[in-house]
Structures are given as C-alpha cells and as structure tokens.
Amino acid sequence: MKLMINQTQENINNFKKSFCTLYKKSSWVLIPGQKTERGFQLYCFEENGKAYAAIFTDYNEAKKHNGSFASIDITKIIPSIFNNNEIAGIVIDPYSLNFYMEKHFIVECIMYE
C-alpha cells in the first residue's frame, strides 16, 4: 500500500517524526464508536478486506462522522488496537486525509528517532 502521493524517503521520515511526536506528547485524538458494557467499541473502516480503526485529529474532522465519538489520549488507544486481532491498523481522518497505517508502520513511527 502506498503511503502518500509523493512517497520519498524524506517524506516518510517526516511523517514518522510527526507521528512519533504526537504519540510521545500523549496527544488527544477523537475516535468514533459506541460506549458498551465492556468499554468503547471502535468504529472501523474497511479497506482491502481489512478493518482499520478511525482516528480524527480535530473536532471538525470528527463532526464529519455521523455518530458518537470520544476524546482519548493516543497512547491509550493504540495498545487497544494492537490487542485486537481483527483490526489491521488505523486510518487518520478518513473523510479527508484518509491515511491508512498498518500496525507494523505504527510501531516504526512510534520508535522513530
């Protein structure tokens, strides 16, 4: 899966650095889903037969989703996604940026120095 239109190593490294910073700052993101007895059930988008948990970077993006959403520290949601074998990764701002990240790439971004 191609990450970006102008996929150069420099652009990939810049993205990894940005995502790493977002994660290390414990930034808050918005996630769509539904509150259940067992917690919060994530809303996922399907792409190539795989499920990706949606993550919105701001309120205006989250409003594009016609359902409920919650604000959560990204460091709390990523482990939940990794513990769910039915979820392949995340999709950032699915109604605009629409950036899909597989779990292995999320790890590369978090570990980027």
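One can find the structure itself at the top, above this paragraph.
Here the structure is a predicted model, which means the values were calculated and not measured. (Residues numbered from 1 in each chain as written. Predicted model: local features only at pLDDT ≥ 70, side-chain atom pairs only at ≥ 80, totals over all residues. Heavy atoms only, no water.)

(A) Seen up close, the pattern of salt bridges. Applying the stated criterion to the full structure yields 3 salt bridges. Measuring nitrogen to oxygen at the nearest pair gives 2.9 Å for the salt bridge that ties Lys16 to Glu108. Taken together, the residues span a long stretch of sequence, with Lys16 in helix α1 (residues 9–24) and Glu108 in helix α4 (residues 103–110) at a distance of 92 residues. Owing to a relative accessible area of 11%, Lys16 belongs among the buried residues under this scheme. Take Glu108: its relative accessible area is 36%, and that puts it in the partly exposed class. We note a salt bridge from Lys50 to Glu102, for which the minimum N-O separation is 3.4 Å. (Salt bridge = Lys/Arg side-chain N within 4 Å of Asp/Glu carboxyl O. Helix = DSSP H or I, 4+ residues; strand = E, 2+ residues; numbered from the N terminus. Buried < 20%, exposed > 50% of the residue type's maximum accessible area, 1.4 Å probe, protein only.)

(B) Highlighting the sheet that holds strand β4 (residues 50–55). Spatial strand order, β3-β4-β6-β7: 4 strands in an open sheet with mixed pairing. Two strands bound the open sheet, and with one partner strand each, they are β3 (44–47) and β7 (99–102). Each adjacent strand pair in this sheet contributes to an overall mean axis angle of 35°, direction not counted. When strand β6 (residues 87–92) meets β7, the two strands line up antiparallel, connected through 4 bridges. Counted as the bridge partner of Ile90 is Met101 from β7. The sheet contacts of helix α3 (residues 74–82) involve β4 and β6, and relative to β6 the element is tilted by about 145°. (Pairing = 2+ DSSP bridges. Axes fitted to C-alpha atoms, helices over the stretch in contact; angles between N-to-C directions. Contact = heavy atoms within 4.5 Å.)

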